[in-house]
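Listed below are the residues making up each chain.
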2 protein chains.
Amino acid sequence: MTQKKIPDIIIGRLPLYLRALHRMAASGATVTSSQELGGWVGISAAQIRKDISQFGEFGKQGTGYNIEFLKEKLREILKVDRVWDVAIIGMGDIGHGLARYQGFLDRGFRVALAFDNTSEKIGTKIGNLLIQDITKIVDAINEADIKVAMIAVPADNAQEVADQLAKTGVKAILCYAPICINVPEGVRVQYIDPATHLQWMTYYL
Amino acid sequence: MTQKKIPDIIIGRLPLYLRALHRMAASGATVTSSQELGGWVGISAAQIRKDISQFGEFGKQGTGYNIEFLKEKLREILKVDRVWDVAIIGMGDIGHGLARYQGFLDRGFRVALAFDNTSEKIGTKIGNLLIQDITKIVDAINEADIKVAMIAVPADNAQEVADQLAKTGVKAILCYAPICINVPEGVRVQYIDPATHLQWMTYYL
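Residues numbered from 1 in each chain as written. Chains lettered and ligands numbered in written order. Predicted model: local features only at pLDDT ≥ 70, side-chain atom pairs only at ≥ 80, totals over all residues.

A.B. asks: Describe in detail the overall build of chain A, supporting the description with residues and values.
C.D. replies: Summing up its helical and strand segments, chain A has eight helices and ten strands in all. Expressed along its principal axes, the backbone C-alpha trace of chain A runs to roughly 60 × 40 × 35 Å. When each of the 205 residues of chain A is scored for burial, the buried share is 41%. Put simply, 55% of the contacts in chain A that link residues at least 6 apart link residues at least 24 apart. (Helix = DSSP H or I, 4+ residues; strand = E, 2+ residues; numbered from the N terminus. Buried ≥ 20, exposed ≤ 12 C-beta atoms within 10 Å, placed from the backbone. Contact = placed C-beta atoms within 7 Å.)

A.B. asks: Give a description of the sheet that holds strand β10 (residues 188-191) of chain A that names residues and reports values.
C.D. replies: Residue and element names in this part refer to chain A. Across the sheet, which stays open at both edges, the seven strands sit in the order β6-β7-β5-β4-β8-β9-β10 with mixed pairing between neighbours. Across the chains shown, the open sheet's two edge strands, defined by having one partner strand only, are β6 (125-126) and β10. Relative to strand β8 (residues 148-151), strand β4 (residues 84-89) runs parallel, the two being bridged by four bridges. When the bridges of β8 are listed, I88 appears paired with M150. Contacting β4, β8 and β9 (172-175), helix α7 (residues 155-165) crosses the sheet at an angle of about 165° to β8. (Pairing = 2+ DSSP bridges. Axes fitted to C-alpha atoms, helices over the stretch in contact; angles between N-to-C directions.)

A.B. asks: Before we move on, can you summarise the interface of chain A and chain B with the specific residues and values?
C.D. replies: Taken residue by residue, the interface counts 47 residues in chain A and 47 residues in chain B. Looking at the side of chain A that touches chain B, the elements that each hand over two or more residues are α1 (8-26), α2 (34-41), α5 (93-100), β9, β10 and α8 (194-202) of chain A. Its residues placed into classes, the side of chain A that touches chain B shows 28 nonpolar, ten polar and nine charged. (Nonpolar A, V, L, I, M, F, W, Y, C, P; charged D, E, K, R; others polar.)

A.B. asks: Outline the domain arrangement of chain A, supporting the account with residue identities and numerical values.
C.D. replies: Taken domain by domain, chain A holds domain 1 (8-77) and domain 2 (84-196). Taking only C-alpha atoms into account, the centre of domain 1 of chain A sits 31 Å from that of domain 2 of chain A. (Domains from an automatic or database assignment.)

A.B. asks: Pulling in residues and values, what's your account of the relation of the copies chain A and chain B?
C.D. replies: Turning chain A through 180° and shifting it by 0.0 Å along the axis lays it on chain B, with an RMSD of 0.0 Å. With respect to symmetry, the two chain copies, as superposed, fit the operation of a two-fold axis. Taken as a fraction of all interface residues of chain A, those also at the interface in chain B reach 100%, which identifies the copy contact as same-surface. (Least-squares fit on C-alpha atoms with pLDDT ≥ 70 in both.)

A.B. asks: If you had to explain the sheet that holds strand β10 (residues 188-191) of chain B to someone new, which residues and values would you point to?
C.D. replies: Residues and elements named next belong to chain B. If you trace the seven strands from one edge of the open sheet to the other, you get β6-β7-β5-β4-β8-β9-β10, paired in mixed fashion. The open sheet has two edge strands with one neighbour each: β6 (125-126) and β10. The sheet contacts of helix α6 (residues 137-144) involve β4 (84-89), β5 (109-116) and β7 (129-133), and relative to β5 the element is tilted by about 160°. Running at roughly 165° to strand β8 (residues 148-151), helix α7 (residues 155-165) makes contact with β4, β8 and β9 (172-175) of the sheet.

A.B. asks: Residue-level account of the packing of helix α2 (residues 34-41) of chain B against helix α3 (residues 45-53) of chain B, with values.
C.D. replies: Two measures define how a pair of helices packs: the angle their axes make with one another and the distance between the axes. Residue and element names in this part refer to chain B. Put simply, α2 and α3 touch, their axes get as near as 8 Å, and they point 105° apart. The orientation of α2 relative to α3 falls into the category roughly perpendicular. Residue-level contacts link S34, Q35, L37 and G38 of α2 to A45, I48 and R49 of α3. (Parallel < 35°, antiparallel > 145°, perpendicular 65-115°, else oblique.)

A.B. asks: Outline the pairing of β4(A), supporting the account with residue identities and numerical values.
C.D. replies: Residues and elements named next belong to chain A. β4 sits mainly inside the fold: five of its six residues count as buried. In the sheet, β4 pairs with strand β5 (residues 109-116) via six bridges, with the strands oriented parallel. Residue pairing across strands places V86 opposite V111, the latter belonging to β5. As for the winding sense of the linkage, the β-α-β connection from β4 through α5 to β5 is right-handed. (Right-handed = clockwise from strand over helix to strand, strands pointing away.)

A.B. asks: With reference to specific residues and values, describe the packing of helix α1 (residues 8-26) of chain B against α2(B).
C.D. replies: Residue and element names in this part refer to chain B. Running from amino to carboxyl end, α1 crosses α2 at an angle of 100°, the nearest separation of the two axes being 10 Å. In terms of their interaxial angle, α1 and α2 are classed as roughly perpendicular. Only L37, W40 and V41 of α2 make contact with α1, whose side of the interface consists of L16, Y17 and A20. In terms of residue class, the contact of α1 with α2 is made up of six nonpolar, no polar and no charged.

A.B. asks: Explain the environment of B:I122 to me, using residue names and the numbers behind them.
C.D. replies: Its place among the elements puts B:I122 in the loop between β5 and β6. With residues up to four places along the chain from it excluded, the contact list for B:I122 reads B:D116, B:I131, B:Q132 and B:D133.

A.B. asks: Which residues make up the confidence of the model for chain A, and what values go with them?
C.D. replies: Should pLDDT be low for a region, the predicted coordinates there are not to be read in detail. Within chain A, residue pLDDT values average 94, and 99% of them lie at 70 or more. As a predicted assembly, this complex carries a pTM of 0.92 together with an ipTM value of 0.95. (pLDDT = per-residue confidence, 0-100.)

A.B. asks: Tell me about the pairing of β8(A), and name the residues and values.
C.D. replies: All names here are of chain A. Burial along β8 is two-sided: V148 and M150 and A149 and I151, pointing in opposite directions, are all buried. Where β8 lies against β9, four bridges are found, and the strand directions are parallel. Pairing of A149 across the sheet is with I173, part of β9. Handedness of the crossover joining β8 and β9 through α7 is recorded here as right-handed.

A.B. asks: Give me the lowdown on unusual backbone geometry, citing residues and values where you can.
C.D. replies: Residue and element names in this part refer to chain B. One non-glycine residue, K79, lies in positive phi territory at about 60°. The residue K79 is located in the loop between α4 (67-77) and β4 in this model. A count of 15 C-beta atoms within 10 Å places K79 in the partly exposed class.

A.B. asks: I'd like a description of the environment of B:K171, backed by residues and values.
C.D. replies: As for its placement among the helices and strands, B:K171 is situated in the loop between α7 and β9. As a C-alpha pair, B:K171 and B:V148 span 23 residues in sequence and 6.2 Å in three-dimensional space.

Have a look at this one:
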């Protein structure tokens with residue numbers, strides 16, 4: 001892997017390539033081309049070749065990409081050739097769904113901690129996952145050395161949770177609350193808010 | 001509203017501005033500035049002024065933006081000054097959570113139809129929302145004249161659902177299945193997949 005700075009937008013496409021390669025491999029394929037991969041992800045073959053070549057020469061002119069090899073390379077580059085423990089804060093519908101979601105583990109993530117602030121939920125379990133009191137969040141996350149968190153609390157509580165996470169080693173936050181949160185430098189945030197996606201599309205209707 | 005072609009990336013930021021203005025208004029504010037709005041959404045004041053000026057002169061030098069006025073203008077531009085009926089396909093954890101989500105209505109959307117393929121779910125209700133047999137999807141969506149749908153089925157079924165939606169008037173799809181779907185020209189798709197967001201961030205850890 002080179003040390004040069006790769007544009008963030010390219011990094012953002014790699015998980016899509018990896019996801020498609022997983023499905024190709026699951027269907028029994030062993031070799032693919034930038035054309036075929038492009039068809040799976042809706043991105044041009046030229047763009048895919050350019051993106052992947054940022055990280056080295058992983059394909060051969062004429063024979064294409066070895067799926068297993070490219071998959072392993074992308075997992076290394078994205079640092080998901082290991083499993084990251086993740087904390088979920090807020091165990092309403094979204095947090096509950098994330099805790100039960102089966103799709104994280106083979107993509108590099110394991111929900112290890114869950115927090116809520118309601119006494120009915122604290123102490124209960126989702127599968128093997130114990131819902132803990134949100135007042136314990138800083139100590140529990142630090143003790144578990146967790147770097148990745150998902151915020152699934154209402155908008156009014158999200159900044160407060162982000163402020164608590166700032167006292168931990170969490171460096172990557174996926175925020176489901178429909179609000180932009182302020183985080184310290186060095187912490188990355190991405191957002192999931194279905195209504196903003198829908199509004200983006202209704203413009204064109 | 002002008003007829004010139006506005007870059008899609010600008011359209012994508014408008015829902016964030018609108019969301020922030022909603023919260024500002026809810027907190028009792030009546031006037032804001034591009035600086036303040038920028039602080040709420042993590043975008044520079046200059047960018048915000050540039051984005052908004054694409055659609056007309058909505059602010060005054062020195063006095064800033066009237067929140068209620070700008071909110072109404074953005075709602076008009078994004079066409080969420082009305083309520084769009086939405087269909088959800090797949091009533092697992094995600095579909096169920098979306099059906100119960102309280103945040104859609106004041107942002108322009110109402111979940112009107114829900115579909116699943118399991119006999120235990122078909123005929124049951126979530127609040128007032130009846131879960132219908134997925135085999136009825138084309139007729140039901142056409143009859144209700146629905147333009148917006150959310151796909152929340154497993155990856156293996158998503159393309160099949162997309163193919164059914166292609167026989168309806170649906171022109172905007174929010175896809176929660178971790179797969180890229182093929183849709184006819186003129187249909188827009190956006191994707192929500194938490195693992196791709198997380199993998200995008202672990203690259204930087």
